[in-house]
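Coordinates in review
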Amino acid sequence: MAGRQRHRLLLENAEQLVLVCGRREPYLRRDGAASLGVLRAASLVVGLDGCIKAVGRADVIRNQFSEATFERIIDCSGKCVLPGLVDAHTHPVWAGDRVHEFAMKLAGASYMEIHQAGGGIHFTVEHTRKATEEELFTSFQHRLERMLRAGSTLVECKSGYGLNLETELKMLRVIERAKKSMDIGISSTYCGAHAVPKGKTAAEATDDIINNHLPKLKELKLSGEIHVNNIDVFCEKGVFDLESTRRILQAGKDIGLQINFHGDELHPMKSAELGAELGARAISHLEEVTDEGIVAMARAKCAAVLLPTTAYMLRLKQPQARKMLEEGVIVALGSDFNPNAYCFSMPMVMHLACVNMKMSMNEALAAATINAAYALGKSDTHGSLEVGKQGDLLIINSSRWEHLIYQFGGHEALINYVIVKGKVVYENERCETMSSY
Ligand SMILES: N=CN[C@@H](CCC(=O)O)C(=O)O
Ligand SMILES: [Zn+2]
């Protein structure tokens, strides 16, 4: 019996309550994701500390908590409860959109042609350097709100449109401010090696990062001003080669950052092999990964963060999700939200992963919850509905959870509530009438 205690939230009698996993698994590989834990006619309790206190059959929970009181009770009859989605890769702090480049790409220009002609990341760097911290914060806040409304409750956020120390720090301060002031969870990534800045060689940029940027980040961490979680490099032909990538990532690891980088996207670079060797937490993209790289990642428990929007947008070859899953790689998903791939929606990302990368809906949900949390080093607190984990939840207005993936582009009509630490942070009253058609 739970006694007369007060709790924050009771979700009662959900048609389906999708645990994702239930035995404190830190990740799910292919076989684990084949059948996700789903309870029927189930309830869930979140305590005043924001953590899940109980999950189980509705009649059992009713009995157990018969004398308890709740700040809020939501009747979930006919609805599904899922863990909040985790977006493992985004670039959400920038000024200056690139809709004009979308038109160029549709007319046949490649991503690298635009980049080498001074557009792409360089265009965004120019605009981001000019923007004030306040302007960047305002647009970032709006973007985070859109991510939250699409069901993401934990998001990885990169810097990388400054390249010089001053603007990289400006971006990281903006991310830090959102970490403190917004409900959505954030894992922050220093991505000063996102491109070689104009006027510098890759070797000079590498030295600048190692000798100036990283020592400053260490100092700011010690003074408590900015806490960065991950280090990233765009390891790509014509950007940072394997050796520069190795030096930067190792230096980041030496100051306590988790390695989580862009690799093997447009050309095979042996990024996967490097990441496995350095103990990387995750590598993103991997459209061009080798068979040996896949095996090395599986062995090193290095998560593959696949980004279906990028391959779709740039008409690249799809990452080999099936091969990765068969070889035992931990597969996660990210939206890759950035001025090139303007997508906030993890439900859309899961849909693309299923159709274009041949993942099952169970695999896609595991990749967008527990495995994405693992890619950020947070699967002990996020990514599944288990007692003791943070109460980050979604309630959808459907009696089968798979509608979240099946109704592509339709999440606005389907997501009824988004909850962080047991507190309702988004409530969509219109979905009641909209999603039943
Ligand atoms: N590939 C490198 N970085 C981003 C794109 C960033 C940009 O084009 O602004 C990505 O992950 O897709
Ligand atoms: Zn990226």
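Chains are numbered independently. Their residues run from 1 in the order of the written sequence. For naming, the first written chain is A and the first written ligand is 1, with later ones following in the order written. A pLDDT threshold of at least 70 governs which residues receive local features in this predicted model, and a stricter bar of 80 or more applies before side-chain atom pairs are shown or counted, although totals over entire chains, interfaces and linings include all residues. As a convention, hydrogens and water are excluded, and side-chain values are obtained from all of the structure's heavy atoms.

- By the naming in an unreviewed UniProt entry, the protein chain goes by Probable imidazolonepropionase and is assigned to Cyanoderma ruficeps.
- Within the UniProt record for the protein chain, the comment given under Cofactor (unreviewed entry) is "Fe(3+)".
- UniProt positions are given in the numbering used here, feature names are shortened, and annotations may be inferred rather than shown by experiment. According to UniProt, the comment filed for the protein chain under the heading Pathway (unreviewed entry) is "Amino-acid degradation; L-histidine degradation into L-glutamate; N-formimidoyl-L-glutamate from L-histidine: step 3/3."

1. A closer look at the UniProt feature "domain: Amidohydrolase-related" (unreviewed entry) in the protein chain
- Within this numbering scheme, the UniProt entry marks residues 81-425 as carrying the feature "domain: Amidohydrolase-related" (unreviewed entry).
- Elements are defined by DSSP. Helices are runs of H or I of four residues or more, strands are runs of E of two residues or more, and each kind is numbered from the N terminus. As a span, residues 81-425 carries 45% helix and 17% strand, and end to end its C-alpha atoms are 15 Å apart.

2. Details of the pattern of salt bridges
- Salt bridges, as used here, are contacts in which a Lys or Arg side-chain nitrogen is within 4 Å of a carboxyl oxygen on Asp or Glu. What the rule picks out here adds up to 25 salt bridges.
- One salt bridge connects Glu25 with Arg23, and the closest N-O pair in it is separated by 3.9 Å.
- Its relative accessible area of 72% is what places Arg23 among the exposed residues.
- We note a salt bridge from Arg246 to Glu243, for which the minimum N-O separation is 3.5 Å. The cut-offs for exposure are 20% and 50% of the maximum accessible area for each residue type, with area from a 1.4 Å probe on protein chains only; residues under the lower value are buried, those over the upper are exposed, and the others partly exposed.

3. Observations regarding the site of ligand 1
- If even one non-hydrogen atom of a residue comes within 4 Å of a molecule or strand, that residue is called near it. Neighbouring ligand 1 are 16 residues, the closest being Arg98, Tyr111, Tyr161, His285 and Asp336.
- All accessibility values rest on the Shrake-Rupley procedure with a 1.4 Å probe; residue burial counts only the protein chains present in the view. Compared with its free state, where it exposes 330 Å², ligand 1 has 100% of that area covered by protein.
- Cavity: a set of points on a 1 Å grid over the protein atoms alone where a 1.4 Å probe fits but cannot get out. Pocket: an open set with protein on both sides within 12 Å along at least five of seven lines, its lining residues, like those of a cavity, having an atom within 4 Å of a point. To decide whether a molecule occupies a pocket or cavity, check its atoms: if more than half lie within 2 Å of the grid points, it is inside. Taking a 2 Å distance to the grid points as the criterion, the majority of the atoms of ligand 1 fall inside the largest cavity.

4. Some remarks on the confidence of the model for the protein chain
- Averaged over the protein chain, the pLDDT score is 96; the fraction of residues at 70 or greater is 98%.
- When pLDDT is averaged over each helix and strand of the protein chain, the minimum, 64, is found for helix H19 (residues 431-434) and the maximum, 99, for strand S6 (residues 85-87).
- Interface confidence in the predicted complex, given as ipTM, is 0.97; pTM for the same model is 0.98. A residue's pLDDT is the predictor's confidence in that residue, given on a scale from 0 to 100.

5. Remarks on the coordination of the zinc ion (ligand 2)
- Coordination sphere of the zinc ion (ligand 2), protein contribution only: His89 (NE2), His91 (NE2) and His262 (NE2), at 2.0 to 2.1 Å.
- Geometry at the zinc ion (ligand 2) is tetrahedral, judged from the four donor atoms that bind it and their angles of 98 to 124 degrees at the metal.
- Each metal's donors are the N, O and S atoms within 2.8 Å of it, or within 3.2 Å when it is Na, K or Ca, and because water is not part of the set, sites may look incomplete. Each donor residue of the zinc ion (ligand 2) lies on one chain, and together they are spaced H-x1-H-x170-H. With His91 in the loop between S6 and helix H3 (99-106) and His262 in strand S10 (residues 258-263), this pair connects stretches of sequence that are 171 residues apart.
- Take His91: its relative accessible area is 2%, and that puts it in the buried class.
- Looking at His262, the relative accessible area reads 3%, which means it is buried. Square planar and octahedral sites, with four and six donors, are those where opposite donors lie more than 155 degrees apart and all other angles lie between 65 and 115, tetrahedral sites have four donors with every angle between 85 and 135 degrees, and the rest are irregular.

6. Some thoughts on the sheet that holds strand S13 (residues 331-333)
- Any two strands between which DSSP finds at least two bridges are classified as paired. Reading across the sheet, the eight strands line up as S6-S7-S8-S9-S10-S11-S12-S13 and stay open at both edges, with parallel pairing between neighbours. Each edge of the sheet is formed by a strand with only one pairing partner; in this case those strands are S6 and S13. Neighbour-to-neighbour, the strand axes of this sheet turn through a mean angle of 25 degrees, independent of strand direction.
- Direction of pairing for S6 relative to strand S7 (residues 152-158): parallel, over a ladder of three bridges. Residue Asp87 lies in a different strand from S7, and its bridge partner there is Val155.
- Along the sheet, helix H8 (residues 202-222) contacts strand S8 (185-193) and strand S9 (230-235); its crossing angle with S8, the most-contacted strand, is approximately 160 degrees.
- Sheet strands in contact with helix H9 (residues 242-254) are S8, S9 and S10, and its direction is about 175 degrees off that of S9. Axis geometry follows a simple rule: fit a line to the C-alpha atoms, using only the stretch in contact for helices, then measure angles between N-to-C directions, giving values from 0 to 180 degrees. Whether two residues are in contact is decided by their heavy atoms, any of which lying within 4.5 Å being enough.

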